[in-house]
Amino acid sequence: ETEQSVGPNAKGKNKKRQTQPVEESELLTVPDGWKEDPFTKEDNPRGLLEESSFATLFPKYREAYLKECWPLVQKALNESFVKAELDLIEGSMTVTTTKKTFDPYVIVRARDLIKLLARSVPFEQAVRILQDDMACDIIKIGSLVRNRERFIKRRQRLLGPKGSTLKALELLTNCYIMVQGNTVSALGPFSGLKEVRKVVWDTMKNIHPIYNIKALMIKRELAKDPELRSKSWERFLPQFKHKNVSKRKEPKKKSVKKDYTPFPPPQPESQIDKELASGEYFLKESQKRRKKLEEVKTKQAEAVTKRQEERNKAFIPPKEKPITKPQKASTSAKIDVNAIKDKVKKAKGKKLGALPEEEVKKKLSEKKKKK
């Protein structure tokens, strides 16, 4: 009896010991298809203590569109008991909580909604921010590039030809992206928004978005494999080297730097120093004048001689070429016309092709007779 009572207890203890510990990676990863339960009024039946509000300004060109879609905005926000106001005089949108509001985070979502509407995002896309699994990110790109022309070129690179690059990015990240002015508005899941921000920043830093798109495509394929989920993907991702090629043109005249010397260059001689060295300083004014006149006369005489030489050049006759006598034709190279005529006559007399059978027989009979 004692053995029978002890036996099952011992087996139960062994079973507890035998259970293997669960891996940390499995505990950290979210299972596929898992979704958090929505926040209902039963979770917060008493509502909020304080009233909170957010306001944002919108540009003049958005006024007409906001006027049209504002009833839809109010209807969407009334479902979560949030009040929305549109002030066309100030050019602002305001969202405030009411006594019936039970979700404390819905006011933050309402704030993001009016921000997206101000940044030219259409209402159909902006309303998605009120869903629990959606988030938004407004990336400021205006201050990333100083040169305006360069900024426009890089922003256009983000769009791509006919918006193809932007469409590819939207498909890979599952986000809606809107490029407008100095900002890029993105709406989608958190993981996608992280990738969008990285691509936008890299594009403005002169890294073409096609490189990031290639990496995202590879990541998408790797994520499908359950074995590679918890491993590093660095060996699969392409690594692009940044080639910084300077487009600066080399100057035609290159200034060669002289060797550095700590001593300053010698001071140039003044006019007085030169006169003292030559002895002119001690001459009288009349002597100085006479000397200057002599210098002027010598210069004039040199100029006259040069001018005369140039004039005399026209009277110098040009050098004639030596006369060459014509060479007599050699007699050996003369053509014998009569010999050529005879050859042509003989050729005409000859019959081309094989001889007929009768003539061949005649010739053979003649040869036999001669023998």
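The rules behind these values
- Per-chain numbering applies: the sequence of each chain, read as written, is numbered from 1 onward.
- Totals for whole chains, interfaces and linings use every residue, but because this is a predicted model, local features are given only for residues with pLDDT of at least 70 and side-chain atom pairs only at 80 or more, for both listing and counting.
- As a rule here, side-chain values come from all non-hydrogen atoms in the structure, and water together with hydrogens is ignored.
- UniProt positions are given in the numbering used here, feature names are shortened, and annotations may be inferred rather than shown by experiment.
- Site definitions follow a grid-based scheme: protein atoms alone, a 1 Å grid, a 1.4 Å probe that fits but cannot get out for cavities, and for pockets an open set with protein on both sides within 12 Å along at least five of seven lines, plus lining residues having an atom within 4 Å of a point.
- Grid points are joined across faces, edges and corners, and a volume is the space filled by probe spheres set on the points.
- Think of it this way: any DSSP run of H or I at least four residues long counts as a helix, any run of E at least two long counts as a strand, and we number them from the N terminus.
- Under the scheme applied, nonpolar residues are Ala, Val, Leu, Ile, Met, Phe, Trp, Tyr, Cys and Pro; charged residues are Asp, Glu, Lys and Arg; polar residues are all the others, including Gly.
- For two strands to pair, DSSP has to find at least two bridges joining them.
- Fitted lines through C-alpha atoms give the axes, limited to the stretch in contact for helices. The angle between two N-to-C directions lies from 0 to 180 degrees.
- Contacts: residue pairs with any heavy atoms within 4.5 Å of one another.
- Each aromatic pair joins two rings of Phe, Tyr and Trp (for Trp, the six-membered one) with centres within 6.5 Å, and gets the label stacked for planes under 30 degrees apart, edge-to-face for over 60, and tilted for any other angle.
- Only protein chains enter the calculation, and the probe is 1.4 Å; a residue is then buried if its accessible area is under 20% of its type maximum, exposed if over 50%, and partly exposed in between.
- The patches described consist of residues with a relative accessible area above 30% and no salt bridge, like charges being joined within 9 Å and nonpolar side chains (Val, Leu, Ile, Met, Phe, Trp, Tyr) within 5 Å.
- Residue exposure ignores everything except the shown protein chains as possible cover, and the areas themselves are Shrake-Rupley values with a 1.4 Å probe.
- Salt bridge, as applied in this entry: a Lys or Arg side-chain nitrogen positioned within 4 Å of an Asp or Glu carboxyl oxygen.
- In this tally, Lys and Arg are treated as positive and Asp and Glu as negative; His is ignored, and so are the chain termini.
- Think of each charge as sitting on NZ of Lys, CZ of Arg, CG of Asp or CD of Glu.

As annotated in an unreviewed UniProt entry, the chain carries the name KRR1 small subunit processome component homolog and comes from Xenopus tropicalis. Word for word, the UniProt comment on the chain under Subcellular location (unreviewed entry) is "Nucleus, Nucleolus". What UniProt states about the chain under its Sequence similarities (unreviewed entry) heading is, verbatim, "Belongs to the KRR1 family."

A. Quick look at the layout of surface pockets. In this structure, the second largest pocket encloses a volume near 440 Å³. Lining the second largest pocket are Leu172, Thr173, Asn174, Pro189, Ser191, Gly192, Glu195, Leu216, Lys219, Arg220 and Ala223. Among the elements of the structure, helix 7 (164–173), helix 8 (190–204) and helix 9 (209–224) are those that each provide at least two residues to the lining of the second largest pocket. Here the lining of the second largest pocket takes four residues from helix 9, the largest share from any one element. Of the residues contributing to the lining of the second largest pocket, the split by class is four nonpolar, four polar and three charged.

B. Examining the sheet that holds strand 5 (residues 176–180) more closely. The three strands lie next to each other as 4-6-5, forming an open sheet whose pairing is antiparallel. With one partner strand each, in any of the chains shown, strand 4 (135–140) and strand 5 form the two edges of the open sheet. The average angle at which neighbouring strand axes cross in this sheet is 15°, direction not considered. As defined by bridge partners, strand 4 adjoins strand 6 (residues 183–188) across six bridges and the pair is classed as antiparallel. Residue pairing in the sheet places Asp137 in a bridge with Ala186 of strand 6. Seen against the sheet, helix 8 touches strand 4, strand 5 and strand 6 and runs at an angle of roughly 10° to strand 4.

C. Expanded view of the packing of aromatic side chains. Counted by the stated rule, this structure contains three aromatic pairs. Taking the centre distance of 6.4 Å and the plane angle of 5° together, the rings of Phe39 and Phe102 count as stacked. Of the two residues, Phe39 sits in the loop between helix 2 (24–28) and strand 1 (53–57) while Phe102 sits in the loop between strand 3 (92–97) and helix 4 (106–118), which places them 63 residues apart along the sequence. Since its relative accessible area comes to 38%, Phe39 is described here as partly exposed. Classification of Phe102 as buried rests on a relative accessible area of 14%. Arranged with centres 5.6 Å apart and planes meeting at 90°, the rings of Tyr281 and Phe282 form a pair that is edge-to-face. Residue classification places Tyr281 among the partly exposed residues on the basis of a relative accessible area of 42%. On the accessibility criterion, Phe282 (63% relative accessible area) is exposed. Of the aromatic side chains, those joined through ring pairs into one cluster are Phe39, Phe81 and Phe102.

D. Representation of unusual backbone geometry in the model. Positive phi is not limited to glycine here, since Ser120 has a value of about 70°. On the basis of relative accessible area, Ser120 is assigned to the buried category, the value being 10%. Of note, Asn206 is a non-glycine position whose phi angle comes to about 70°, a positive value. Within the secondary structure, Asn206 sits in the loop between helix 8 and helix 9.

E. View of a negative patch on the surface. A contiguous patch of negative charge on the surface is contributed by Glu36, Asp37, Glu42, Asp43, Asp132 and Asp133. Locating Asp133 in the fold gives a position in the loop between helix 5 (123–126) and strand 4. Of the residues examined, Asp133 reaches a relative accessible area of 44% and is grouped as partly exposed.

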